[in-house]
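Each chain, written out:
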Amino acid sequence: MLRKSQPAKPAPEPSFKPAAQAAPRKSPVTVIGQHISIQGDIKGSEDLLIEGKVKGSVELPQHHLTVGAKGQVEAAIHADRVTISGTLVGNIAANGKVEITKEADFTGEIKAGRISVEDGAYLKAVVELKRDSGSRPVSAPKPVDTEPKLGLATGESAKAKK
């Protein structure tokens, strides 16, 4: 009598499995949510995402600052990298790149290693780019003057001043 052959059982899997390559660890990110408002100085040693309102200064010399689409910031900024998608009024000193996205509304001064501005962004700025030959870090920005200035912005004409 012929016996039907049984399908071979698969070999058992080894109990030891090599560990997968670890993905590079990203720096932790702190988020200031859209319903949070902060007035004062922020200093930190991790990346920061601002979706709320901040007025004062932000010091992240070794990390990335992102002003999110809903973020409203009026501050002097010193960071390694800066990305703006919301509203920022103030001065930026960045050792690396400043990215201004098409959703951004930026008014102020930028001192950085590199800058990129997407088509459609609002930008009213003085820009100073570092030369590649020098590797000196950018100094911290001067504080933002939040008091209104007299002059043409208040409606006075140039002839009335003379």
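Parameters and conventions
Residues numbered from 1 in each chain as written. Predicted model: local features only at pLDDT ≥ 70, side-chain atom pairs only at ≥ 80, totals over all residues. Heavy atoms only, no water. Salt bridge = Lys/Arg side-chain N within 4 Å of Asp/Glu carboxyl O. Helix = DSSP H or I, 4+ residues; strand = E, 2+ residues; numbered from the N terminus. Buried < 20%, exposed > 50% of the residue type's maximum accessible area, 1.4 Å probe, protein only. Core = buried A, V, L, I, M, F, W, Y, C linked by side-chain atoms within 4.5 Å. Contact = heavy atoms within 4.5 Å. Polar contact = N/O pair within 3.5 Å; in protein donor to acceptor, adjacent residues only side chain to side chain. pLDDT = per-residue confidence, 0-100. Pairing = 2+ DSSP bridges.

**Student:** How would you explain the pattern of salt bridges if you had to name every residue and give the values?
**Tutor:** Considering all chains together, one arrives at one salt bridge under this definition. A salt bridge links arginine 81 to aspartate 80; its shortest N-O distance comes to 3.4 Å.

**Student:** I'd love a proper account of the environment of histidine 63, names of residues and values included.
**Tutor:** For histidine 63, the position within the fold is in strand 4 (residues 53-67). Its relative accessible area of 16% is what places histidine 63 among the buried residues. It is 8.3 Å that separates the C-alpha atoms of histidine 63 and glycine 44, two residues lying 19 residues apart in sequence.

**Student:** Please give an account of the nonpolar core that cites residues and values.
**Tutor:** Counting 24 residues, the largest nonpolar core has Ile77, Ile84 and Ile92 as the members making the most contacts within it. Mapped onto this core, the elements with two or more residues apiece are strand 3 (47-50), strand 4, strand 5 (72-84), strand 6 (87-94), strand 7 (97-100) and strand 8 (105-112). Of all the elements, strand 5 adds the most residues to this core, at six residues.

**Student:** Run through the side chain of serine 85, naming residues and quoting values.
**Tutor:** Among the structural elements, serine 85 can be located in the loop between strand 5 and strand 6. Each residue touching serine 85, except ones within four places of it in the same chain, is listed here: Val67, Gly68, Ala69, Thr101, Glu103 and Ala104.

**Student:** Tell me what's going on with the side chain of histidine 78, and back it up with residues and numbers.
**Tutor:** Here histidine 78 shows up in strand 5. Judged by its relative accessible area of 9%, histidine 78 falls in the buried class. Reaching out from histidine 78, the side chain makes a polar contact with the side chain of glutamate 59 at a distance of 3.2 Å.

**Student:** Hey, could you go over the confidence of the model for the protein for me, with residue numbers and the actual values?
**Tutor:** Close reading of the predicted structure is inappropriate where its pLDDT is low. For the protein, the mean per-residue pLDDT works out to 81, and 65% of the residues sit at or above 70. pLDDT under 50 marks residues 14-23. Its contacts with residues more than four places away, or in other chains, come to zero contacts. Below a pLDDT of 50 lies the segment residues 150-162, which in the model reaches eight contacts outside its immediate sequence neighbourhood of four places, other chains included.

**Student:** Quick rundown of the pairing of strand 4? Include the residues and the values.
**Tutor:** When strand 2 (residues 37-43) meets strand 4, the two strands line up parallel, connected through seven bridges. Bridge pairing in strand 4 links lysine 43 to glutamate 59. Where strand 3 lies against strand 4, three bridges are found, and the strand directions are parallel. Of the residues in strand 4, the one forming a bridge with leucine 49 is threonine 66. Two elements, strand 4 and strand 5, share 12 bridges in a ladder whose sense is parallel. Bridge pairing in strand 5 places serine 57 opposite alanine 76.

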